[in-house]
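Fold and contact review
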Amino acid sequence: MKLNGAQILINSLKSEGIKHIFGYPGGAVLHIYDALNACNEIKHILVRHEQGAVHAADGYARASGKCGVALVTSGPGLTNAVTGIATAYMDSIPMVIVSGQVSSAVIGNDAFQEVDAVGITRSCVKHNFLVTDINDLANVVKKAFYIATTGRPGPVLIDITKDTTIAETEFIGYPESIDMRSYQPEIKIEANKITKAIALIVQAKKPIIYSGGGSVIGNADKTLSIFTRHTGFPITQTLMGLGAYPASDKQSLGMLGMHGTYEANMAMHDSDCIIAVGARFDDRITGNLDKFCPYAKIIHIDIDPSSVGKNVSVDVSIIGQVNDALSALIQALKDKQLADITQWWAQIETWRGVDSLAYQTKTGVIKPQSVIEALYEVTKGESIVTSDVGQHQMWVAQYYPFDKPRRWINSGGLGTMGFGLPAAMGAKLAAPEMDVACVTGEGSIQMMLQELSTMLQYNTPVKIINLNNGYLGMVRQWQEFFYDKRYSMSYMDALPDFVKLAKSYGHIGIKVEKELDLKPALVEAFKQKNRTVFLDILTDSTENVFPMIPSGAGHHEMLLAGRDNMASINDKGLNLV
Amino acid sequence: MRYIISVLLENEAGALSRVAGLFSARGFNIESLTVAATNDSTLSRMTIVSIGDDNIIEQIVKQLNKLIDVVTVTDLTATEHIERELLLVKVDVNQQTQADIDKQIDIFSCKIVDLSEDTYTIELAGKSQKINDFLASLDVSKILEVSRTGVTGVCMKITS
Ligand SMILES: Cc1cc2nc3c(=O)[nH]c(=O)nc-3n(C[C@H](O)[C@H](O)[C@H](O)COP(=O)(O)OP(=O)(O)OC[C@H]3O[C@@H](n4cnc5c(N)ncnc54)[C@H](O)[C@@H]3O)c2cc1C
Ligand SMILES: Cc1ncc(C[n+]2csc(CCOP(=O)(O)OP(=O)(O)O)c2C)c(N)n1
Ligand SMILES: [Mg+2]
């Protein structure tokens, strides 16, 4: 059968089982859009900005575990997509981005809407391809999906020149499988590493499991739970790992790191054996590396060798899938006796007793934390929650205990404001039966507002919970603590009337100013199954996120809410962000 | 420490820029980098000299391995190996300096590959240190142009 390049692309995507594409047309992709128009199996979501397309594909991927797909035109289409691509890259999200490119004959001539897509994206993709020959196209698509979804997942860009989409060739079918000598993602766990790890685990008197995004990405929640219950060890999870192990379980100490709980951070600090599971020792976790976990032997499970030993040197590295590694450990532990850790748990309970997430209520103002608690109650903890970036993001992580993976969708590594709304739209398309809430701030929401229009067009009902504190709150908090309250440019002036705005986009808008109205408004919003509801909730503008480890400090030097511990930061810390 | 890393990679457009981009993006330092085709036309061999501590080199090797186009990465300095670099240097010669230059050429076993009335173009292959030593033996003011290839190398034992 003779097909043109655009048709081969669409055929290939169909063969990959793709059901949704998020995109935006333009000159270089007109042939592709023409082929898409003739295809009934794939639904195209026309976003309002290419960054929104990539975030939506990202939210879709995070909620479903499948590969997200975005389609953008050359030049500005591609550059608009870059923030989305970098966001997915930092959080290891499987995604294929197809971009149009000018015709091969004019590449390099500063042609209309030409940018060096492969060059621009090189450092924020897992891999990228420039296709200039129609006969390579199907193979490249196969490779792109294979690379994006295996090993440590990540975004892969396919840049296709316009002439490639127009050219015709005999299409012999989409390749069934692919073998690349330079890319071998299947890794077998080394048995001797398991033996070494077990030797440390059985001796541990103060063990802790530190689980991260890899447990979610690797669909390892069940194995992780078996391992955790079998050992009886305490477990703490990173921002990206939340949900892999049920937060409401008593072995869970909550999140660790800069805004982690007291018990999680103290346990990390005092531990003699840390089992890191699909986590990458990010600087939000380690704080000051010189003070990080001074007493611990570290076992590190990760699929990516470059994550191991990058920031922290470890005692045993187990390279491979979380599922495989934990299964091997569980197997090897069957006939082993573990050390008694009752004392350790007793110590942890005293730290837990500090109740580091307690916050003071004030009459007449809505505390942001209480909004998240109410959200949890109203949704019975069963909603998918996306967030933007800032204080509100941390409050969700702290006050909405996720018991299942792929329910918590946020940008951790890049910290991209604007992520939450399009990601919620993508998540809703991936899981239409689920409630989806987008917790945001009046700063972040204004970065991707235009997607409200897309959400109406494709009927993706989302509940937008705008914690409107009138400030770029996270910035304000740092300025309060570390810049002597010089609030430079952190006040969000001239805010729109969000209720009217939501209405003008055809959605429901509700303003909540009083505590008493909070619960009913939330209940009403979730009752509207088929409508997007924008809740503009005026919250305490002076509230800060606690606990907090100031940059440069150690885990045991946490700041707690309402206690006499004036925030301080040393010069080394000020160099950090 | 100075490390020589040998990389076998797919001979694809853009492969070189991926490696070069990786070094600049991650702040790794490159002393020299050479690349050319191998006996298998689908593969290129790249030899990189970098300076760093063990941790940095470990990360460099891991990050190189992570590049999709890279087939194998070998730290030559971790095994017995042979390294060579080629120098072409053009020097100013006149009656007063000729004897001295001829003597250095003799000591270092260089080749004169081109002569003109008042210049020599000298070729020398060897370890980088030898090339440094030879250049140091010349009168700086007489050196007109230096061009070095950067290091290439092979393991002495058979590797895949
Ligand atoms: C405002 C703000 C504040 C933040 N504060 C905190 C904080 O207090 N605490 C916190 O934890 N984070 C915080 N973060 C997030 C932080 O920046 C990092 O994104 C996060 O800590 C990284 O999580 P992770 O270590 O789980 O790694 P991820 O980025 O999720 O990486 C996953 C790791 O697992 C590996 N992996 C992937 N798949 C598999 C598999 N199948 N098998 C084995 N390994 C696999 C990968 O190679 C990688 O090393 C904050 C972010 C923002 C924006
Ligand atoms: C695109 C982008 N620009 C700037 C920042 C830096 N930044 C991090 S949090 C924040 C404030 C966010 O304000 P808001 O959305 O109102 O959330 P709040 O902290 O008030 O809850 C800013 C500006 C960022 N993360 N992303
Ligand atoms: Mg705000």
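Residues numbered from 1 in each chain as written. Chains lettered and ligands numbered in written order. Predicted model: local features only at pLDDT ≥ 70, side-chain atom pairs only at ≥ 80, totals over all residues. Heavy atoms only, no water.

Glancing now at the overall build of chain A. Looking only at helices and strands, one finds 22 helices and 20 strands in chain A. Over its C-alpha trace chain A gives a radius of gyration of 24 Å, about what one expects of a compact globule, namely 25 Å for 577 residues. In terms of overall dimensions, chain A has C-alpha extents of about 70 × 60 × 45 Å along its principal axes. By residue count, 60% of the 577 residues in chain A fall in the buried class. As displayed, chain A offers around 22400 Å² of accessible surface, 51% of which is attributable to carbon and sulfur atoms. (Helix = DSSP H or I, 4+ residues; strand = E, 2+ residues; numbered from the N terminus. Rg over C-alpha atoms; globule rule 2.2 N^0.38 Å. Buried < 20%, exposed > 50% of the residue type's maximum accessible area, 1.4 Å probe, protein only. Areas by Shrake-Rupley, 256 points an atom, 1.4 Å probe, with all protein chains shown as cover.)

Within this model, the second largest pocket holds a volume of roughly 630 Å³. Lining the second largest pocket are 32 residues, and of these A:Phe129, A:Leu130, B:Glu12, B:Ala13 and B:Arg18 lie nearest its centre. For the lining of the second largest pocket, the secondary structure elements donating two or more residues are α5 (117–121), β6 (127–131) and α6 (134–149) of chain A together with α1 (15–25) of chain B. (1 Å grid on protein atoms, 1.4 Å probe; cavity = no way out; pocket = protein on both sides within 12 Å on 5 of 7 lines; lining within 4 Å. Points joined across faces, edges and corners; volume = space filled by probe spheres on them.)

This paragraph deals with the sheet that holds strand β1 (residues 2–10) of chain B. Residue and element names in this part refer to chain B. Read from one edge to the other, the open sheet built from four strands follows the order β2-β3-β1-β4, with strand pairing classed as antiparallel. Either end of the sheet is taken by a strand with one partner, and the two such strands are β2 (32–37) and β4 (70–75). Within the sheet, the average angular offset between the axes of one strand and its neighbour, ignoring direction, is 15°. Where β2 meets strand β3 (residues 43–51), six bridges bridge the pair, whose relative direction is antiparallel. Across the sheet, residue Ala-37 finds its bridge partner in β3, namely Ser-44. Packing of α1 onto the sheet brings it into contact with β1, β2 and β3, and relative to β3 it is tilted by some 15°. (Pairing = 2+ DSSP bridges. Axes fitted to C-alpha atoms, helices over the stretch in contact; angles between N-to-C directions. Contact = heavy atoms within 4.5 Å.)

Moving on: the sheet that holds β6(A). Residue and element names in this part refer to chain A. Here we have six strands laid out as an open sheet, ordered β3-β2-β4-β5-β7-β6, and parallel in their pairing. This sheet does not close on itself; its edge strands, each paired only once, are β3 (43–46) and β6. The sheet shows a mean angle of 20° between the axes of neighbouring strands, taken without regard to direction. Packed on one face of the sheet, helix α2 (residues 30–37) meets β2 (20–23), β3, β4 (68–72) and β5 (95–101) and runs near 130° to β4. Sitting on the sheet, α6 is in contact with β4, β5, β6 and β7 (155–161), with an inclination near 170° to β6.

It is worth spelling out unusual backbone geometry at this point. Residues and elements named next belong to chain A. Omega for the peptide link from Phe-546 to Pro-547 comes to -5°, which places this bond in the cis form. Looking at the element boundaries, Pro-547 is found in the loop between β20 (533–538) and α22 (571–574). Phi angles above zero are rare outside glycine, and Arg-406 is one such case at about 65°. Although it is not a glycine, Asp-484 adopts a positive phi angle of roughly 50°.

So, on to the confidence of the model for chain B. Model confidence for chain B is summarised by a mean pLDDT of 94, while 98% of its residues fall at 70 or above. For this predicted complex, the interface score ipTM comes out at 0.92, alongside a pTM of 0.97. (pLDDT = per-residue confidence, 0-100.)

Counting residues at the interface gives 17 residues for chain A, matched by 18 residues for chain B. The contact between chain A and chain B buries some 1400 Å² in all, and 46% of this surface belongs to carbon and sulfur atoms. At the junction of chain A with chain B, the criterion picks out three salt bridges. Measuring nitrogen to oxygen at the nearest pair gives 2.8 Å for the salt bridge that ties B:Lys66 to A:Asp304. Taken together, the connections running from chain A to chain B amount to 10 residue pairs in polar contact (both at pLDDT 80 or more). (Buried area = accessible area lost by both parts, 1.4 Å probe. Salt bridge = Lys/Arg side-chain N within 4 Å of Asp/Glu carboxyl O. Polar contact = N/O pair within 3.5 Å; in protein donor to acceptor, adjacent residues only side chain to side chain.)

A word on the site of ligand 1. All names here are of chain A. Taken together, 36 residues are adjacent to ligand 1, and Gly-213, Thr-238, Arg-280, Asp-302 and Ser-307 come closest. Take Thr-238: an N or O atom from its side chain is 2.7 Å from an oxygen atom of ligand 1. Within the side chain of Ser-307, one N or O atom sits 2.7 Å away from an oxygen atom of ligand 1. Within the complex, the protein chains bury 96% of what would otherwise be the 990 Å² of accessible surface of ligand 1. Secondary structure elements with two or more residues in the shell around ligand 1: α9 (213–217), α12 (283–286) and α16 (391–399). The biggest single contributor to the shell around ligand 1 is α9, with three residues. For the shell around ligand 1, the residue count by class is 14 nonpolar, 16 polar and six charged. Residues from two domains meet in the shell around ligand 1; each of domain 2 (191–352) and domain 3 (368–538) gives at least three. (Near = heavy atom within 4 Å. Nonpolar A, V, L, I, M, F, W, Y, C, P; charged D, E, K, R; others polar. Domains from an automatic or database assignment.)

Our next topic: the coordination of the magnesium ion (ligand 3). Residues and elements named next belong to chain A. The magnesium ion (ligand 3) binds to the protein through Glu-442 (OE), Glu-442 (OE), Asn-469 (OD1) and Tyr-471 (O); the donor distances cover 2.1 to 2.6 Å. Because the angles between the six donor atoms bound to the magnesium ion (ligand 3) fall within 51 to 175°, the donor set is best described as irregular. Sequence spacing among the residues donating to the magnesium ion (ligand 3) works out to E-x26-N-x1-Y. Of this pair, Glu-442 sits in the loop between β17 (436–441) and α18 (451–457) while Tyr-471 sits in the loop between β18 (463–468) and α19 (473–482); the two residues are 29 residues apart in sequence, bridging distant segments of the chain. (Donors = N, O, S within 2.8 Å, 3.2 Å for Na, K, Ca; no water. Tetrahedral: all angles 85-135°; square planar, octahedral: opposite > 155°, others 65-115°.)

Moving on, we come to the domain arrangement of chain B. All names here are of chain B. Domain boundaries assigned for chain B yield domain 1 (2–79) and domain 2 (82–154). When each unit is reduced to the centre of its C-alpha atoms, the spacing between domain 1 and domain 2 is 28 Å. Listed by partner, the interface residues are seven residues for domain 1 and eight residues for domain 2. Carbon and sulfur atoms make up 55% of the area that domain 1 and domain 2 hide from each other, which totals about 550 Å². The largest per-residue losses of area from domain 1 upon contact with domain 2 belong to Arg-2, Thr-34 and Leu-76, which jointly make up 53% of the total buried on that side.

This part takes up the side chain of A:Thr164. Residue and element names in this part refer to chain A. Secondary-structure assignment places Thr-164 in helix α7 (residues 162–166). Given a relative accessible area of 1%, Thr-164 falls into the buried group. Polar side-chain contacts of Thr-164 include one of 3.4 Å to the backbone oxygen of Val-131. From its side chain, Thr-164 meets the backbone oxygen of Thr-132 in a polar contact 3.4 Å long. Aside from chain neighbours lying at most four places away, what touches Thr-164 is Gly-5, Val-131, Thr-132, Asp-133 and Ile-134.

Quick look at the environment of A:Ile120 now. Residues and elements named next belong to chain A. Structurally, the position occupied by Ile-120 is in helix α5. Put simply, Ile-120 and Asp-493 are 373 residues apart on the chain and 34 Å apart in space, counted from C-alpha to C-alpha. Apart from residues lying up to four places away in sequence, Ile-120 is in contact with Leu-78, Thr-79, Val-82 and Val-115.

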